[in-house]
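For reference, the chains in residue letters:
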Amino acid sequence: MIGLISATAAGAAARDRLAAAWPDRTRVYDGPVADAVRRAFAECEQLVCFLATGAVVRLIAPLLGDKASDPGVVCVDEGGRFAVSLVGGHGGGANELAREVGELLGAEPVVTTATDAVGVPGLDTLGLPVEGAVAAVSRALLDGEPVALHNESGWPLPPLPVAGEGAYGIRVTDRLVESSEREVLLRPPTLVVGVGASKGAPADEVLELIEGALREAGLSRRSVAALVTVDAKAGEPGIVAAAERLGVPVVTHAAEELAAVEVPNPSDAPLAAVGTPSVAEASALAEGGELLVPKRKSVRADGAPAMATCAVGRRPARGRLAVVGLGPGARDLLTPRAKAELRRASVLVGLDQYVDQIRDLLRPGTRVLESGLGAEEERARTAVEEARKGQAVALIGSGDAGVYAMASPALAEASDDIDVIGVPGVTAALAAAAILGAPLGHDHVSISLSDLHTPWEVIERRVRAAAEADIVVTFYNPRSRGRDWQLPKALAILAGHREPATPVGVVRNASRPDESARLTTLAELDPATVDMMTVVTVGNTATRDIAGRMVTPRGYRWQEGTR
């Protein structure tokens, strides 16, 4: 929860905007400011104070404990010009919160954390639990001292300014080892604990069994990714409660899936009970990898029969491919999730002109593999190959990467040996529609008129189907110097089913500095004014020009009586 505190009418106005935008994330604290800050500091994970930084410093100073437990505090000035990350930049999430608040309120985020200031990843911001000499190793990275990276698990990481050898070190390991005074341990989520339990097994018994198995095997509990069991035990209270205490999800598999996994210690008891000769070991190995701890049973103090079993597996490290949509071009239409994936990537693959758009968002050390127009399949193969090497890869495309862009060729190349994450983006059709008005208010379709990958006969059949179905059509890739007849042909097909006065919106370079847009009609549109940077949207029989805006009514029956 984010506590919101203000002292003046101007601060309260900005506070209320934040509260309205994030109703489920925020809580307003009224009353005397000092009391409000104390209550919010004790009750919330983060605070946003609409006060002067000096005032906030004095108010929170007596409350500060340590950076691991203090909430993140962001300070916004009365004029709403700046959102300052004041306390808990990394551990409390204040740096990211300052960026979010700034984006929402139109304020400039101010982040002074040293690693953020120079583009070095904060070791506590890599998405992995961190232990050891974080401050000392971070200082070494900032000072340019050699820091050695020992990635025992092969887990994909963002770019880090590391060397082969050095007095300082970063070790990525799931083993239960102590760090030296010049070392940081990063805990990758590589361990999977398979769990079986009798009905009513106590949570304490399940948890003690798991923790004992990890400890005796020399494995870190902080590297546990999930508790895994058979479907029939998905809601078993003891398993669910143990997972909650460990802070991991419960993952389940059907009995027939587990029965197909080869294990060293099958048993007739689980076969009779839930339909598989192994629950714990099979669950630990369901994603592949190696079995580190064979099945073991819990021990009860009263000597009664064990009610829980567990086994521990290490899943193989997997490369990560994020397919990222950059939107139509404007920086403020690039989503926060897309920005985060760009900064997470150690390898970026993309069209050269798209790389130029976001190069400033990449962390220092990101390896960039760029190429020109026409190399889409090569880029897709390259991205998948890099991910298979264990890299964290971002493959970029304009608009939404799944719409006439890089997602489909990349996923055609990828198999299940890498993790693939799709990051949606604002498409050209949506950006153009927002400029034109509301042309996509009812059913609509996007059709590319490029016959480089699709035979014209197929494209024409799709245009005819849209025309006959009275669907609003957005044409991508409408016309180029080498393809000047496809758009007139498509418009002629639509003209056979729609009136000459049907509204048509033409938008070029939507959201970019040289954006242009105009509203015309099916009869008046001159195809010669259209090029590859243009999106053409043709309305249906209900689309109207209303006050210079292109509007397609939603057309539900309940509206008929109000017309």
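Residues numbered from 1 in each chain as written. Predicted model: local features only at pLDDT ≥ 70, side-chain atom pairs only at ≥ 80, totals over all residues. Heavy atoms only, no water.

Peer 1: Honestly, the overall build of the protein in this entry has me stumped. Any pointers?
Peer 2: Assigned secondary structure in the protein consists of 18 helices and 28 strands. Its C-alpha atoms give the protein principal-axis dimensions of roughly 85 × 65 × 60 Å. Burial status across the protein gives 47% buried among its 563 residues. Of all intrachain contacts in the protein linking residues separated by at least 6 positions in sequence, the fraction that spans at least 24 positions is 64%. Total accessible area on the protein stands at roughly 26,300 Å², and carbon and sulfur atoms take up 51% of it. Across the protein, the centroid of the 57 positively charged side chains sits 2 Å from that of the 72 negatively charged ones. (Helix = DSSP H or I, 4+ residues; strand = E, 2+ residues; numbered from the N terminus. Buried < 20%, exposed > 50% of the residue type's maximum accessible area, 1.4 Å probe, protein only. Contact = heavy atoms within 4.5 Å. Areas by Shrake-Rupley, 256 points an atom, 1.4 Å probe, with all protein chains shown as cover. Lys, Arg positive; Asp, Glu negative; His and termini not counted. Charge placed at Lys NZ, Arg CZ, Asp CG, Glu CD.)

Peer 1: Please explain the packing of aromatic side chains as it appears in this structure.
Peer 2: The relative placement of two aromatic rings is captured by the distance of their centres and the angle of their planes. In the structure shown here, the tally under the stated rule is two aromatic pairs. With a centroid separation of 4.8 Å and an interplanar angle of 55°, the aromatic rings of Y404 and Y476 are classed as tilted. With a gap of 72 residues between them, Y404 in the loop between β19 (392-397) and α15 (407-413) and Y476 in strand β23 (residues 472-476) connect regions that are remote in the sequence. Judged by its relative accessible area of 10%, Y476 is buried. Ring centres of W456 and W485 lie 5.0 Å apart, and the angle between their planes is 70°; this geometry places the pair in the edge-to-face category. Of this pair, W456 sits in helix α17 (residues 456-468) while W485 sits in the loop between β23 and α18 (486-495), and the two are 29 residues apart along the sequence. (Phe/Tyr/Trp six-rings, centres within 6.5 Å; stacked < 30°, edge-to-face > 60°.)

Peer 1: When you look at the layout of surface pockets in this model, what are you seeing that I'm missing?
Peer 2: To find the voids left in a structure, one rolls a probe of water-molecule size over its atoms. Roughly 1,600 Å³ of volume is contained in the largest pocket. As for the largest pocket, its lining consists of 49 residues, and the residues nearest its centre are Y354, E376, Y404, N477 and M532. For the lining of the largest pocket, the secondary structure elements donating two or more residues are α13 (352-358), α14 (376-388), β19, α15, α16 (428-436), β22 (444-448), α17 and β26 (534-538). In terms of residue count, the dominant contributor to the lining of the largest pocket is α14 (four residues). Classifying every residue of the lining of the largest pocket by side-chain character gives 23 nonpolar, 18 polar and eight charged. (1 Å grid on protein atoms, 1.4 Å probe; cavity = no way out; pocket = protein on both sides within 12 Å on 5 of 7 lines; lining within 4 Å. Points joined across faces, edges and corners; volume = space filled by probe spheres on them. Nonpolar A, V, L, I, M, F, W, Y, C, P; charged D, E, K, R; others polar.)

Peer 1: I would appreciate a short explanation of unusual backbone geometry in the present structure.
Peer 2: Apart from glycine, the bulk of residues carry a negative phi angle, and the bulk of peptide bonds sit in the trans form. In this model, N509 sits at a positive phi of 55°, which is unusual for a non-glycine residue. Relative to the assigned elements, N509 resides in the loop between β24 (503-508) and β25 (516-521). Although it is not a glycine, S511 sits at a positive phi angle of roughly 75°.

Peer 1: In this structure, what is going on with the sheet that holds strand β7 (residues 130-132)? I would like to understand it.
Peer 2: Each strand in a sheet pairs with its neighbour through backbone hydrogen bonds, running either in the same direction (parallel) or in the opposite one (antiparallel). Spatially, β7-β10-β9-β8 is the arrangement adopted by the four strands of the open sheet, whose pairing is mixed. If you trace the sheet from one side to the other, it starts and ends with β7 and β8 (147-151), each paired once. Looking at each pair of strands side by side, their axes are set apart by 20° on average, direction ignored. Both strand β9 (residues 168-172) and strand β10 (residues 183-186) contribute to a ladder of four bridges, which runs parallel. (Pairing = 2+ DSSP bridges. Axes fitted to C-alpha atoms, helices over the stretch in contact; angles between N-to-C directions.)

Peer 1: Could you clarify how one ought to interpret the side chain of S346 in this entry?
Peer 2: Mapping S346 onto the fold places it in the loop between α12 (336-344) and β17 (347-351). You can call S346 buried: its relative accessible area is 9%. The residues touching S346, leaving out its near neighbours within four places in the chain, are L157, P158, P159, G365, T366, R367, Q391 and A392.

Peer 1: Looking at this structure, how should I read the packing of helix α1 (residues 9-21) against helix α4 (residues 94-105)?
Peer 2: How two helices pack is summed up by the angle between their axes together with the distance between the axes. The contact between α1 and α4 brings their axes to 11 Å, and the two run at 105°. Taken together, α1 and α4 sit at an angle that is classed as roughly perpendicular. Between α1 and α4, the contacting residues are A14, R17, L18 and A21 on the first element and V101, L104 and L105 on the second. Its residues assigned to classes, the contact of α1 with α4 comprises six nonpolar, no polar and one charged. (Parallel < 35°, antiparallel > 145°, perpendicular 65-115°, else oblique.)

Peer 1: Explain the packing of α17 against α18 to me, please; I cannot follow it from the model alone.
Peer 2: Packing of α17 against α18 brings their axes to within 9 Å, and their N-to-C directions diverge by 30°. Between α17 and α18, the angle falls in the class roughly parallel. Judged by the twist between their axes, the crossing of α17 over α18 is right-handed. Mapping the contact onto sequence places W456, E460, V463, R464 and A467 in α17 and Q486, K489, A490, I493 and L494 in α18. The class makeup of the residues in the contact of α17 with α18 is six nonpolar, one polar and three charged. (Left-handed = near helix turned anticlockwise from the far one by under 90°.)

Peer 1: How should α4 be read in this particular structure?
Peer 2: Every α-helix winds through 3.6 residues per turn, so residues three or four apart in the chain are directed the same way. With twelve residues, α4 should reach 16 Å at 1.5 Å per residue; the first-to-last C-alpha distance of 16 Å fits that figure. For α4, the full list of buried residues reads A94, N95, L97, A98, V101, G102 and L105. Buried residues of α4 fall within an arc of 160° about the axis and therefore sit on the same side. G106, located one to two residues past α4, shows a positive phi value of around 75°. (Expected span 1.5 Å × (residues − 1). Arc of directions from axis to C-beta.)

Peer 1: Looking at this model, I keep getting lost on the pattern of salt bridges. Mind explaining?
Peer 2: Oppositely charged side chains can pair when the atoms bearing their charge come close. Going through the model one piece at a time under the given rule, you end up with 31 salt bridges. The partner of R314 in a salt bridge is D174, with the nearest N and O atoms 2.8 Å apart. Separated by 140 residues along the polypeptide, R314 in strand β15 (residues 308-314) and D174 in the loop between β9 and β10 bring together distant segments of the chain. Judged by its relative accessible area of 4%, D174 is buried. Of the charged contacts, one joins K389 and E386 as a salt bridge, the two residues approaching to 3.3 Å between their closest N and O atoms. (Salt bridge = Lys/Arg side-chain N within 4 Å of Asp/Glu carboxyl O.)

Keep in mind these numbers describe shape, not what the thing actually does.
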